[in-house]
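Overview (structure and organization)
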Amino acid sequence: MASIKRSTPTKEIILSGGTFNSPQLLQLSGIGPGPLLQELGIAVRHELAGVGENLRDHYPVRMAARVKNASTINELSRGLQLAWEIIKYCVTRKGILTLQPTLVACFWKSDESLEFGDLQMTFTPASYAEGVQSELEQYPGMTIAVWQQRPESSGYVRAKSPDPRHKPAIQPNYLADEIDQRVLLGGMKLGRRLFRTDALAPYFEEETSPGADCQSDEQLLTYARERGTTAFHPMGTCRMGPSTDPSAVVDAELKVHGLEGLRVADASIMPTMPSANTNASTLMIGEKASDLIRGRTALPAVELG
Ligand SMILES: Cc1cc2nc3c(=O)[nH]c(=O)nc-3n(C[C@H](O)[C@H](O)[C@H](O)COP(=O)(O)OP(=O)(O)OC[C@H]3O[C@@H](n4cnc5c(N)ncnc54)[C@H](O)[C@@H]3O)c2cc1C
């Protein structure tokens, strides 16, 4: 069994373990919800109810169709066709080896009357068995994925053992909130309409998933619950907020409320989900953290509009 190393900081600790590991490490250090720590037999050093709560993630659901009159990544990435693609890449630097799978992305609305977008959608000239991102289908296919930009549903990350080598419980509670269900349904219906547009008509043969048998809202939601996956955008488990907010973990300078010399700087501090994917926001958090740690003054606020 690997030994656990200890070090004693002289200035400040910056915790950047990510949305799952940062709250787990705080909890194992006795910083977190009192009842959880007591249940695990961890001495409560600083009670902070929000540590590990407010977990949110984007939840894409994929709809796929069989394609006619065009080649797709499905068949071009197999056997002799793949060999040809490799040669093409070596000679011309062109072909499917130069592609990333998601070639089109858009932001749109689940309801046309909305002022701002609440959906993100992507298009891929490939399709996956059962609509789950893993194995490509044998026949030509295309996929439209859709997810809600700012989910209301939230879950948690809770240590299951005082041993840091044990994984924590991770429960995102996807689609628990009725608003999230409504927005995703709007997006799935829009995706199905896009498959059937005039522009795609020459290539659309039939919808393979969820398929013609899936029509009612209840059926669509069942499909979404069964086939949806993480977008790998978890955030929020050490959320930023004022000390008056009992769910807040860090303040506006990323310092853990009520403690000296401890900051968190990663996606876990986001109070709520940004409308886009999380990498750029996380980079910004890191940049801002470095300015705060070095004591640099903030740039003047930019007037919008
Ligand atoms: C497969 C995948 C695809 C993604 N695609 C996109 C995308 O296309 N666009 C986009 O915007 N975002 C994307 N993301 C999301 C983006 O990568 C994350 O939002 C971002 O990396 C979060 O940064 P972070 O610093 O919070 O956590 P992380 O990047 O997870 O960094 C945490 C680091 O801490 C280390 N660590 C954890 N615990 C310990 C410990 N106990 N001791 C030492 N080290 C530890 C980990 O090894 C890791 O290096 C994707 C994520 C994944 C996983």
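These numbers were taken from a predicted model, which means no experiment stands behind them.

1. Regarding the overall build of the protein chain
Across its full length, the protein chain carries 7 helices and 12 strands. With respect to the principal axes defined by its C-alpha atoms, the protein chain has extents near 65 × 50 × 50 Å. A total of 305 residues make up the protein chain; the buried ones form 34% of that total. Look at the contacts in the protein chain between residues 6 or more apart in sequence, and 65% of them connect residues 24 or more apart.

2. What to know about the sheet that holds strand E6 (residues 104-108)
Within the open sheet, the 5 strands sit side by side as E6-E7-E8-E5-E11. Their pairing is antiparallel. Pairing within the sheet leaves two strands with one partner each, and these edge strands are E6 and strand E11 (204-209). Recorded for the sheet is a direction-independent mean angle of 25° between the axes of neighbouring strands. Direction of pairing for E6 relative to strand E7 (residues 119-124): antiparallel, over a ladder of 5 bridges. When the bridges of E7 are listed, Val104 appears paired with Phe123. Running over the sheet, helix H5 (residues 178-195) touches strand E5 (61-67), E6, E7, strand E8 (141-148) and E11 and is turned about 155° from E8.

3. What about the domain arrangement of the protein chain?
According to the domain assignment, the protein chain consists of domain 1 (13-56 + 234-294) and domain 2 (61-155 + 176-227). A straight line from the C-alpha centre of domain 1 to that of domain 2 covers 34 Å. With 7 residues of domain 1 at the interface, the matching set in domain 2 holds 5 residues. Here the residues of the side of domain 1 that touches domain 2 sort into 2 nonpolar, 4 polar and 1 charged.

4. Concerning the site of the ligand
Around the ligand sit 15 residues, and of these Gly18, Phe232, Asp266, Asn277 and Asn279 come closest. Put simply, the parts of the chain that give the shell around the ligand at least two residues each are helix H1 (18-28) and helix H7 (279-294). Ranked by the residues each element gives to the shell around the ligand, the list is headed by H1, at 4 residues. Broken down by class, the residue content of the shell around the ligand amounts to 4 nonpolar, 10 polar and 1 charged.

5. Describing the environment of Glu218
Along the chain, Glu218 falls in helix H6 (residues 217-227). For Glu218, a count of 10 C-beta atoms within 10 Å corresponds to the exposed category.

6. What to know about the environment of Ala129
If you trace the backbone, Ala129 turns up in the loop between E7 and E8. Each C-alpha atom, one on Ala129 and one on Ala64, is 9.2 Å from the other, the two residues being 65 residues apart in sequence. With residues up to four places along the chain from it excluded, the contact list for Ala129 reads Glu135 and Glu137.

7. Looking at the packing of H5 against H6
The contact between H5 and H6 brings their axes to 10 Å, and the two run at 95°. When the interaxial angle is binned, H5 and H6 end up roughly perpendicular. Every residue of H6 that contacts H5 at Gln181, Leu184, Leu185 and Met188 is listed here: Asp217, Leu220, Leu221 and Ala224. Broken down by class, the residue content of the contact of H5 with H6 amounts to 6 nonpolar, 1 polar and 1 charged.

8. Some words on the sheet that holds strand E9 (residues 155-158)
Think of a sheet as strands paired side by side through backbone hydrogen bonds, with each pair either parallel or antiparallel. Within the open sheet, the 3 strands sit side by side as E4-E9-E10. Their pairing is antiparallel. The open sheet has two free edges, formed respectively by strand E4 (53-55) and strand E10 (169-171), since each of these has just one partner strand. Taking the axes of each pair of neighbouring strands and ignoring which way they run, one obtains an average angle of 35° across the sheet.

9. A word on unusual backbone geometry
For the bond from Ser209 to Pro210, the omega torsion is 5°, close enough to zero to count as cis. Within the secondary structure layout, Pro210 lies in the loop between E11 and H6. The backbone of Asn54 shows a phi angle near 65°, a positive value even though the residue is not glycine. Here Asn54 lies in strand E4. A positive phi is found at Phe232, a non-glycine position, where the angle reads about 65°. Note on placement: Phe232 falls in the loop between H6 and strand E12 (262-264). A count of 11 C-beta atoms within 10 Å places Phe232 in the exposed class.

10. Description of the environment of Glu287
Tracing the chain through its elements places Glu287 in helix H7. Glu287 sits 22 residues away from Ala265 along the chain, and the two C-alpha atoms are 9.5 Å apart.

11. A few points about helix H4 (residues 79-92)
Here H4 spans 20 Å end to end across 14 residues, near enough to the 20 Å set by a 1.5 Å rise per residue. Within two residues after H4, Arg93 carries a phi angle of roughly 60°, on the positive side.

12. As for the nonpolar core
Counting 21 residues, the largest nonpolar core has Val51, Cys238, Val249, Val250, Val256, Val264 and Ile269 as its most contacted members. One finds Ala64, Ala65, Met142 and Ala145 within the second-largest nonpolar core, a separate group that totals 20 residues.

How each quantity is defined
- Residues numbered from 1 in each chain as written.
- Predicted model: local features only at pLDDT ≥ 70, side-chain atom pairs only at ≥ 80, totals over all residues.
- Helix = DSSP H or I, 4+ residues; strand = E, 2+ residues; numbered from the N terminus.
- Buried ≥ 20, exposed ≤ 12 C-beta atoms within 10 Å, placed from the backbone.
- Contact = placed C-beta atoms within 7 Å.
- Pairing = 2+ DSSP bridges.
- Axes fitted to C-alpha atoms, helices over the stretch in contact; angles between N-to-C directions.
- Domains from an automatic or database assignment.
- Nonpolar A, V, L, I, M, F, W, Y, C, P; charged D, E, K, R; others polar.
- Near = placed C-beta within 6 Å.
- Parallel < 35°, antiparallel > 145°, perpendicular 65-115°, else oblique.
- Expected span 1.5 Å × (residues − 1).
- Core = buried A, V, L, I, M, F, W, Y, C linked by C-beta atoms within 7 Å.

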